[in-house]
Amino acid sequence: MTRAGESLALAGGRSFWTNRELRPWNDIERKSPLTREDWRKACARLVSFRSLYGALFEELREAGGEVVSPLIAADAFAAALGFDGASGGRMFVKGDHALPVGGSVKTRGALYEVVSLAEKLARRGGELAPDEPPEGILSESCRAFFARHTIIAGSTGNLGMGIGAAARALGFRAVIHMSREASAWKKERLRKLGAEIFEHDSDYTSAVEAARADANVSTTSFFIDDEASTELFLGYSTAAEEVERQLREQDVAVDRRHPLFVYIPCGVGGAPGGVSFGLKQVFGDDVHCFFAEPAASACVYLQLSTGSADPVSVYDYGLDNRTIADGLAVSKASQLTTALIAPLVSGVFTVLDEDLYRALFLASEKAGIKAEPSAFAGALGPCLLTQTLQGRAYLAAYGLEKSLPQATHLIWTTGGLYQPADLWRAQYERGAELNAGLSRQTPWSET
Ligand SMILES: *Cc1c(COP(=O)(O)O)cnc(C)c1O
């Protein structure tokens, strides 16, 4: 199939695209603008922030300031989705839906970037001596200093919750520009933290533009750029060490004969990109990273599958960017991320809103997981990989068919910790209904 043909096959439905530009890890590593050293430094820095995090957030105190989410065995969940574990391998959920403070996968990146920025400003402003540890920024005088500065971000909700929480905890003014998809409860939560919310009747790309313009008018305002931030990207990438440790604790091997497949929900591409960049540092060619998008907001799918050098918008392809997955409702991919991930992502697939509802229902029934719809975009990944022509062709091309029974699949869930119970309940009911109406035949057998 031609590249254009693959993109057209999307047409707002389920689709599975595999990346012909995928490079071997040692080749990527040699050419990547971000290096292994950058990643190592970010991981070390995160460790140096722990006592600071613990002091700032009660939710993190028990874990000693570590931002950590559970790794949950989920074979029953996978089976209910139509995955054959005996021939396809073991299933886990990496539960970033339960990350405290921000309540989503954004927490690691948001905390990392805001605290890094605070430390830098404090040192530059003479509030923190060069030899003083980062905890110095908790002083009253630093707090007063931060209060004269504003942190600004554009968000569909979850990035705002992470950045707002971190900025307010340190004493900054926080201004969050929200796109039209942002849920009312996310705005409410932020207002309670003392953040100022600007509501836009436009999509995410426009909200980010407004936030950027807002920050440009003042020298004490700092814009956290979801579309172009290396710090956010590196913050996300620190999840990889955690996964390595957790897999080891569960006696799960990852090597040539035991491949690891990871499926991560994708908006602009920063969070899944950063996580994948980190995972490649740890597992190299033995990890295969797939991104998952709602069919209506398939911006990374289109950006990569068309191979376009210019930014591609979903509207140009007749998609409307309307989805229940508010965290993923993005019309344009991050260009920074696209460049970094183009050689390392194995593929991108799209799912329908009804798939999200159904996975939300089954995750609760089979694995006791409660998360928001966006969190489940990756859930069908193992089925699509093992049951579609495109998926099987990928497995064959990389000689993975034989090792599939020894494989591990990781469905990355990405948000929902603070979602109100009544809202979740309604989504659960909808998922139950859809699940009951489904015939036993897998609905995606060929995309
Ligand atoms: C933001 C978000 C993602 C994806 O992150 P991007 O950096 O936008 O690709 C995934 N899941 C949820 C719930 C999110 O809020």
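Residues numbered from 1 in each chain as written. Predicted model: local features only at pLDDT ≥ 70, side-chain atom pairs only at ≥ 80, totals over all residues. Heavy atoms only, no water.

Student: Even after reading the chapter, I still don't get the site of the ligand, so can you show me in this structure?
Tutor: In the vicinity of the ligand, 16 residues are found, and the nearest of them are K106, N158, G267, G269 and T414. Contacts to the ligand include A271, whose backbone N or O atom sits 2.8 Å from an oxygen atom. Between the ligand and the protein, one listed contact pairs a nitrogen atom with a side-chain N or O atom of T414 at 2.7 Å. Protein contacts shield 99% of the accessible area of the ligand, which totals 380 Å² for the unbound molecule. (Near = heavy atom within 4 Å. Polar contact = N/O pair within 3.5 Å; in protein donor to acceptor, adjacent residues only side chain to side chain. Areas by Shrake-Rupley, 256 points an atom, 1.4 Å probe, with all protein chains shown as cover.)

Student: Whenever I open this one, the domain arrangement of the protein confuses me. Can you help?
Tutor: Accessible area lost on assembly of the parts is the figure often given for the size of an interface. Each domain of the protein was delimited in the assignment, giving domain 1 (3-103 + 232-437) and domain 2 (107-229). A C-alpha centroid distance of 25 Å is found between domain 1 and domain 2. Between domain 1 and domain 2, the contact holds 47 residues from the first and 38 residues from the second. Between domain 1 and domain 2 lies a buried interface of about 3,600 Å² when both sides are counted; carbon and sulfur atoms form 59% of it. Its largest share of buried area at the contact with domain 2, domain 1 owes to L52, L232 and D326, together 19% of the area lost on that side. Scanning the region where domain 1 abuts domain 2 turns up five salt bridges. Between domain 1 and domain 2 we count 19 residue pairs in polar contact (both at pLDDT 80 or more) in total. Breaking the side of domain 1 that touches domain 2 down by element, the ones donating at least two residues are α3 (36-48), α4 (50-56), α13 (230-237), α14 (239-249) and α17 (335-341). Its residues assigned to classes, the side of domain 1 that touches domain 2 comprises 26 nonpolar, 13 polar and eight charged. (Domains from an automatic or database assignment. Contact = heavy atoms within 4.5 Å. Buried area = accessible area lost by both parts, 1.4 Å probe. Salt bridge = Lys/Arg side-chain N within 4 Å of Asp/Glu carboxyl O. Helix = DSSP H or I, 4+ residues; strand = E, 2+ residues; numbered from the N terminus. Nonpolar A, V, L, I, M, F, W, Y, C, P; charged D, E, K, R; others polar.)

Student: What exactly am I supposed to notice about the pairing of strand β5 (residues 173-178) here?
Tutor: Consecutive side chains along a regular strand alternate between the two faces of the sheet. Taking burial as the measure, the six residues of β5 include five buried ones, the bulk of the element. Bridge count for strand β4 (residues 150-155) against β5 is six bridges, and the pairing is parallel. Paired with I151 across the strands is A174, a residue of β5. On the question of chirality, the crossover connecting β4 to the parallel β5 by way of helix α10 (residues 158-170) is right-handed. Relative to strand β6 (residues 196-199), β5 runs parallel, the two sharing four bridges. Paired with M178 across the bridge in β6 is E199. (Buried < 20%, exposed > 50% of the residue type's maximum accessible area, 1.4 Å probe, protein only. Pairing = 2+ DSSP bridges. Right-handed = clockwise from strand over helix to strand, strands pointing away.)

Student: Just checking my understanding: could you explain the UniProt feature "modified residue: N6-(pyridoxal phosphate)lysine" (unreviewed entry) in the protein for this structure?
Tutor: UniProt marks K106 with the feature "modified residue: N6-(pyridoxal phosphate)lysine" (unreviewed entry), using the numbering shown here. Tracing the sequence through the fold places K106 in helix α8 (residues 106-124). Owing to a relative accessible area of 14%, K106 belongs among the buried residues under this scheme. (UniProt positions renumbered as here; feature names shortened; annotations may be inferred.)

Student: Any chance you could explain the side chain of S69 here in plain terms?
Tutor: With respect to the helices and strands, S69 occurs in the loop between α5 (58-61) and β2 (71-73). On the basis of relative accessible area, S69 is assigned to the buried category, the value being 2%. One polar contact links S69 to D96, side chain to side chain, over a distance of 2.6 Å. Dropping the residues within four chain positions of it, S69 is found in contact with K94, G95, D96, L99, R108, E242 and Q246.

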